[in-house]
Amino acid sequence: MIPRYSRPDMVAIWSPETKFRIWYEIEAHACDAMANLGVIPRENADAVWKAKDVEFDVARIDEIEAVTKHDVIAFLTHLAEHVGSEEARFVHQGMTSSDVLDTCFNVQLTRAADLLMVGVDALLAALKKRALEHKDTVRVGRSHGIHAEPTTMGLTFARFYAEMDRNKKRLIAAREEIATGAISGAVGTFANIDPAVEEHVCAKLGLNPEPISTQVIPRDRHAMFFATLGVIASSIENIAIEIRHMQRTEVLEGAEFFSMGQKGSSAMPHKKNPVLTENLTGLARLVRMSVIPAMENVALWHERDISHSSVERGIGPDATITLDFALHRLAGVIDKMLVFPENMLDNMNKFPGLVMSQRVLLALTQAGVSREDAYSMVQRNALKVWEERLDFRELLLADADVVAALGKDGINEKFDMGYHTKHVDTIFKRVFGA
């Protein structure tokens, strides 16, 4: 992923230096376990740890790989250059390349998940803060992009909080599912390596032994992991779309923070564009782009092929780096977001009183009017508000049929805004607890 959409901590997880360090730890811990079992001499296992402070030379490994055409062999050759050829002769004993590659990949994904969790928590904190701040800030709810009934800005933030809280649970489950390792040898039978080696290596790396691998860790685990990232990205886009709508000139109920010296357009100096949330919409597409390839990786030939390998070399870093950046960007947007309560009320009153139509409809049916007649009575007045911008309440008060059913006091009572916000506390308790 390009530096523009990257954060250093996540990038570091996917650097060649980190990868080779994990490869080294897998091999060294495997040697320790084999020495404990008496399979290899203890002095040879101890000798491998001479490289524990070595910074492996990426360029040198690439140089070797140019000849061997095999990345793991290139690394093992380079390791022997530090440890000594004789001392390193038992490294990789009974193992296959996938033991190293798959276990390393899952270490990287679990570390990535831990960083993503930090971003999710930052976003949750920002959403909760703004939800509490605007718990009672009334705005119009919209369905199909059209004014529906009153809600509050706090409920909007709370809704997004609940969605992201579900995503946190999904991410925890995805991390747990991906946190497995395999040191099971060719075709996964442990024929040439004891299962105790796998158990030891996994314990040292914070993984669980894969219950049954072939020559690879099953890719349904990875499919679920990347699918979870895709869902989180979609939730980010869901929030971004709402903010983009709110920032439209004709709406202007909320907006991204516009910093001193910021420019909105190269051509039009008056512009304040929602560039951060538009960017988030695009980044969400990039993360979701990894989901289908990850699912297609599940179907591999027999005990192993490497059709998944080239895919994962791309989607592993790209999806996690992009999502990490997006989470922190959105947390910042929410934290600094401008909210305009006066504009919310102005927007709701563009068609005066119209958002109370359902309450009047229900009152008429409760007063004995058939639903069909009640709907007709309300709609004929509502359409005049649409077409002539008249006041809905005044039209109802002038409608003899409505007055006969409800009375003038009954009509006026139906325009109490508090009716629509009376259960906000209940919803907040459901979302945030007592």
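Keep in mind that this is a model prediction, so the values were computed, not measured.

(A) Layout of the overall build of the protein. Broken down by element type, the protein carries 19 helices and six strands. Computed over the C-alpha atoms, the radius of gyration of the protein is 30 Å, more than 25% above the 22 Å expected from 2.2 N^0.38 for a compact globule of 434 residues. Going through the 434 residues of the protein one by one, you find that 50% of them count as buried. In the protein, once contacts between residues fewer than 6 apart in sequence are set aside, the share between residues at least 24 apart is 75%. Total accessible area on the protein is roughly 20,800 Å²; 54% of this is exposed by carbon and sulfur atoms. In the protein, 49 positive and 60 negative side-chain charges are present, and the distance between their average locations comes to 7 Å.

(B) Summary view of a nonpolar patch on the surface. Residues I146, L383 and W386 make up a contiguous nonpolar surface patch of about 270 Å² in total accessible area. Tracing the backbone through its elements, the reader meets I146 in strand β2 (residues 146-152).

(C) Structural detail: helix α19 (residues 424-432). Within α19, the full set of buried residues consists of V424, F428 and F432. Down the axis of α19, the smallest arc covering the buried residues is 45 degrees, so these residues share one side. Away from its buried face, by an angle of more than 90 degrees, α19 presents the exposed residues K429 and R430. Of the surrounding elements, those touching the buried residues of α19 are α6 (97-133), β2, α7 (153-178) and α18 (418-421). Two residues or fewer past α19, G433 is found with a positive phi of approximately 85 degrees.

(D) Highlighting the packing of aromatic side chains. The tally for this structure, following the rule as stated, stands at 13 aromatic pairs. Pairing Y24 with W49 gives two aromatic rings, centres 5.8 Å apart and planes at 80 degrees, and the pair type is edge-to-face. Of this pair, Y24 sits in helix α2 (residues 16-36) while W49 sits in the loop between α3 (42-48) and α4 (58-68), and the two are 25 residues apart along the sequence. By relative accessible area, Y24 is classed as buried at 0%.

(E) Up close: the side chain of T110. Mapped onto the secondary structure, T110 falls in helix α6. For T110, a relative accessible area of 5% corresponds to the buried category. Apart from residues lying up to four places away in sequence, T110 is in contact with R175, I178, A179 and L207.

(F) α4, seen in detail. Of the residues making up α4, those classed as buried are V58, I61 and I64. Around the axis of α4, the buried residues are gathered within 125 degrees of arc, so they sit on the same side. Turned more than 90 degrees from where α4 packs its buried face, A59, A66 and V67 sit exposed. Close packing links the buried residues of α4 with α2 and α5 (71-83).

(G) Inspection of the packing of helix α14 (residues 357-366) against helix α17 (residues 400-413) at higher detail. Contact geometry of α14 with α17 gives a least axis separation of 10 Å together with a crossing angle of 130 degrees. Overall, the two elements α14 and α17 adopt an arrangement that is oblique. Here α14 and α17 pass one another in a crossing that is right-handed. Of the residues in α17, those in contact with R359, V360, A363 and L364 of α14 are V402, A405, L406 and E413. By residue class, the composition of the contact of α14 with α17 is six nonpolar, no polar and two charged.

(H) Region of the structure containing the pairing of strand β1 (residues 138-143). The pairing of β1 with β2 spans five bridges and is antiparallel. When the bridges of β2 are listed, S143 appears paired with I146. Remark: two residues form the turn of the hairpin made by β1 and β2, two consecutive strands paired antiparallel; H144 in that turn has positive phi of roughly 60 degrees.

(I) Representation of the packing of α14 against helix α15 (residues 371-388) within the structure. Between α14 and α15, whose axes approach to 9 Å, the crossing angle comes to 145 degrees. You can see that α14 and α15 cross each other, and the crossing is right-handed. Across from S357, V360, L361, L364 and T365 in α14, the residues of α15 making contact are R371, A374, Y375, M377 and V378. Tallied by class, residues from the contact of α14 with α15 come to seven nonpolar, two polar and one charged.

(J) Focus on the environment of A186. Note that A186 resides in the loop between β3 (180-181) and α8 (195-205). For A186, a relative accessible area of 41% puts it in the partly exposed group. The spatial distance from the C-alpha of A186 to the C-alpha of V216 is 9.2 Å, given a sequence separation of 30 residues.

What counts and how
- Residues numbered from 1 in each chain as written.
- Predicted model: local features only at pLDDT ≥ 70, side-chain atom pairs only at ≥ 80, totals over all residues.
- Heavy atoms only, no water.
- Helix = DSSP H or I, 4+ residues; strand = E, 2+ residues; numbered from the N terminus.
- Rg over C-alpha atoms; globule rule 2.2 N^0.38 Å.
- Buried < 20%, exposed > 50% of the residue type's maximum accessible area, 1.4 Å probe, protein only.
- Contact = heavy atoms within 4.5 Å.
- Areas by Shrake-Rupley, 256 points an atom, 1.4 Å probe, with all protein chains shown as cover.
- Lys, Arg positive; Asp, Glu negative; His and termini not counted.
- Charge placed at Lys NZ, Arg CZ, Asp CG, Glu CD.
- Patch = residues over 30% accessible without salt bridge, like charges linked within 9 Å, V, L, I, M, F, W, Y side chains within 5 Å.
- Salt bridge = Lys/Arg side-chain N within 4 Å of Asp/Glu carboxyl O.
- Arc of directions from axis to C-beta.
- Phe/Tyr/Trp six-rings, centres within 6.5 Å; stacked < 30°, edge-to-face > 60°.
- Axes fitted to C-alpha atoms, helices over the stretch in contact; angles between N-to-C directions.
- Parallel < 35°, antiparallel > 145°, perpendicular 65-115°, else oblique.
- Left-handed = near helix turned anticlockwise from the far one by under 90°.
- Nonpolar A, V, L, I, M, F, W, Y, C, P; charged D, E, K, R; others polar.
- Pairing = 2+ DSSP bridges.

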